[in-house]
Amino acid sequence: MKLWAGRFSKEIDKKTNDFNSSISFDSRMYREDIEGSIAHAEMIGECGIIDKSESAAIIEGLKGILADIDSGKLTIDPNAEDIHTFIEGELTQRLGQTGKRLHTARSRNDQVAVDIRLYLKKEILNLKAQVKELITVLCNKAKQYADAVMPGYTHLQRAQPITFGHHLMAYAEMLLRDLDRLECAYKHTDSMPLGCGALATTTYPIDRTITARLLGFENICQNSLDGVSDRDFCMELASALSIIMVHLSRFSEEIIMWCSWEFKFVELDDAFSTGSSIMPQKKNPDIAELVRGKSGRVFGDLMTLLTVMKGIALAYNKDMQEDKEAVFDAVDTVKMCLTAFTPMIDTMRVLPENMRKAAANGFINATDCADYLVKKGLPFRDAYKATGTLVALCIEKNTTLEELPIDEYKKICDTFDEGVYEAISLENCVNGRRALGGPASVNVAAQAERVLKAIN
Ligand code: ARG
């Protein structure tokens, strides 16, 4: 029997019931629904809206239902309209008349809003812990490889020498901002909508501060229309999660490249790699590829939420039932990705010799060669041109700047002397870049320490 039975003379059409129902995806909020109901029952009891003894009986009944769902004694009816209806129905079955008093001064509109907020608050804390875990892994690895020279790239062309630690810390910084964004989403989720009713609060003498306190909300939604019909906290979370996925996806792309024989900068642990069904030699970075691929789902979830919400007049409309699958999927996906990604990074074998070899080719110290001439008084443009000519000569002779004899240098520009070899040694190139944010080993180690401190 439906909640609205009084007004209707027929049951809802069976297939339409399936279409209308949200139980398949909102039943995961059973705990939050019950917590919200317990707080509501306590508040209406305290405010004298229902009898104190009935309030106590309802709370006991709800606790029993929670325990029975948790233990598997009670299964959630897949034909129920939604989790709110199911739990209220179950309560009424257990308590009779008293159960029917729970919904006094409440609507499913403020009920569903409080459920999602309670659910997402917990999940945001879980997500933050997972992001912190990844940042910690990155900082520790960055300290370990603070002086592992590798080529830095622009346009995927070898550009200037950096260290592997510096490269990893770039991702740590991105994830640090991701943490901030999650924090911000948390803050906006932490507002209590109960008491907003269907849209315009209620004439009962409710006290919303009681429910806010019981449920651990920092704030109370200040406008009832807004409280029941805003889902910007879902969009904000999906947007923060989308940005996390952009970061994980870029990182994954690099891992995939680094695992190739063309780079071989890292080797993933067997526990985080897969083989081929036909090619016996293959070891594939499937986990990184899947993370890269799953970013598409999360962006899709964000797009779903934005599109669902963009054209609906205030206040609640059933369109909003579409919020849950999208935001839950975004949360589930990012959690799953981080669960696999973090240990994959933690256990990967770094191959600094190969990075060093790649850094030795590609003239990534050419800028330093030009800077050497500038420090000796040449204008940068002249120094740039002389170095360019040297690079062309090296390519012609199939050699490197390090190996080119000093006479050849002097033939192109007589400002050069033996000191150039020290100036272009890769270690000096890296460690000379000590400006704030630079790749010098001391900087990287200090940055990793600073970030570790910031998240602990
Ligand atoms: N299942 C609904 C949802 O997720 C609950 C709220 C129903 N409210 C209503 N007025 N039909 O949005």
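See above for the structure.
None of the values given here were measured: they were computed from a predicted structure.

S.K.: Outline the nonpolar core, listing residues and values.
M.R.: Core analysis: the biggest nonpolar cluster contains 81 residues, and I135, F164, L237, L241, I255 and I345 have the highest contact counts within it. Of all the secondary structure elements, the ones that give two or more residues to this core are α6 (108–144), α7 (164–189), α10 (232–259), α11 (286–309), α12 (323–347), α13 (352–360) and α19 (441–455). With sequence-adjacent residues up to four places away left out, I255 is seen in contact with V266, L268, A288, M344, I345 and M348. In this structure, Y30, I49, L62 and L102 belong to the second largest nonpolar core, which totals 24 residues.

S.K.: I'd like a description of the pattern of salt bridges, backed by residues and values.
M.R.: Taken as a whole and assessed by the stated rule, the structure comprises 31 salt bridges. One salt bridge in this structure joins D332 and R28, with 2.7 Å as the shortest N-O distance. With a gap of 304 residues between them, D332 in helix α12 and R28 in the loop between α2 (23–26) and α3 (30–46) connect regions that are remote in the sequence. Across the pair R292 and E253 runs a salt bridge whose closest N-O atoms are separated by 2.4 Å. Highlighted residues: R292 in helix α11 and E253 in helix α10, separated in sequence by 39 residues. R292 gets classed as partly exposed once you look at its relative accessible area, which sits at 30%. Given a relative accessible area of 32%, E253 falls into the partly exposed group. Via salt bridges that share partners, D68, K73, E90 and R94 belong to a single interconnected network.

S.K.: Summarise the site of the ligand; cite the residues concerned and give the values.
M.R.: With respect to spatial proximity, the complete set of residues near the ligand consists of S22, D82, H84, R108, N109, V112, Y316, Q321 and K324. Take S22: an N or O atom from its side chain is 3.0 Å from a nitrogen atom of the ligand. Here an oxygen atom of the ligand sits 2.5 Å away from a polar atom, N or O, in the side chain of Y316. Taken by itself the ligand offers 350 Å² of open surface, and the protein chains cover 87% of this.

S.K.: Explain the packing of aromatic side chains to me, using residue names and the numbers behind them.
M.R.: Counting across every chain of the model gives 11 aromatic pairs. Counting every residue linked through ring pairs, the aromatic cluster contains Y372, Y409, F416 and Y421. When the ring centre of F217 is taken as reference, the NZ or CZ atom of K121 above it lies at 4.3 Å. Here the guanidinium or amino end of K264 rests over the ring plane of W261, the centre of that ring lying 4.5 Å away.

What counts as what
Residues numbered from 1 in each chain as written. Predicted model: local features only at pLDDT ≥ 70, side-chain atom pairs only at ≥ 80, totals over all residues. Heavy atoms only, no water. Core = buried A, V, L, I, M, F, W, Y, C linked by side-chain atoms within 4.5 Å. Buried < 20%, exposed > 50% of the residue type's maximum accessible area, 1.4 Å probe, protein only. Helix = DSSP H or I, 4+ residues; strand = E, 2+ residues; numbered from the N terminus. Contact = heavy atoms within 4.5 Å. Salt bridge = Lys/Arg side-chain N within 4 Å of Asp/Glu carboxyl O. Near = heavy atom within 4 Å. Polar contact = N/O pair within 3.5 Å; in protein donor to acceptor, adjacent residues only side chain to side chain. Areas by Shrake-Rupley, 256 points an atom, 1.4 Å probe, with all protein chains shown as cover. Phe/Tyr/Trp six-rings, centres within 6.5 Å; stacked < 30°, edge-to-face > 60°. Lys NZ or Arg CZ within 6 Å of the ring centre and 35° of its normal.

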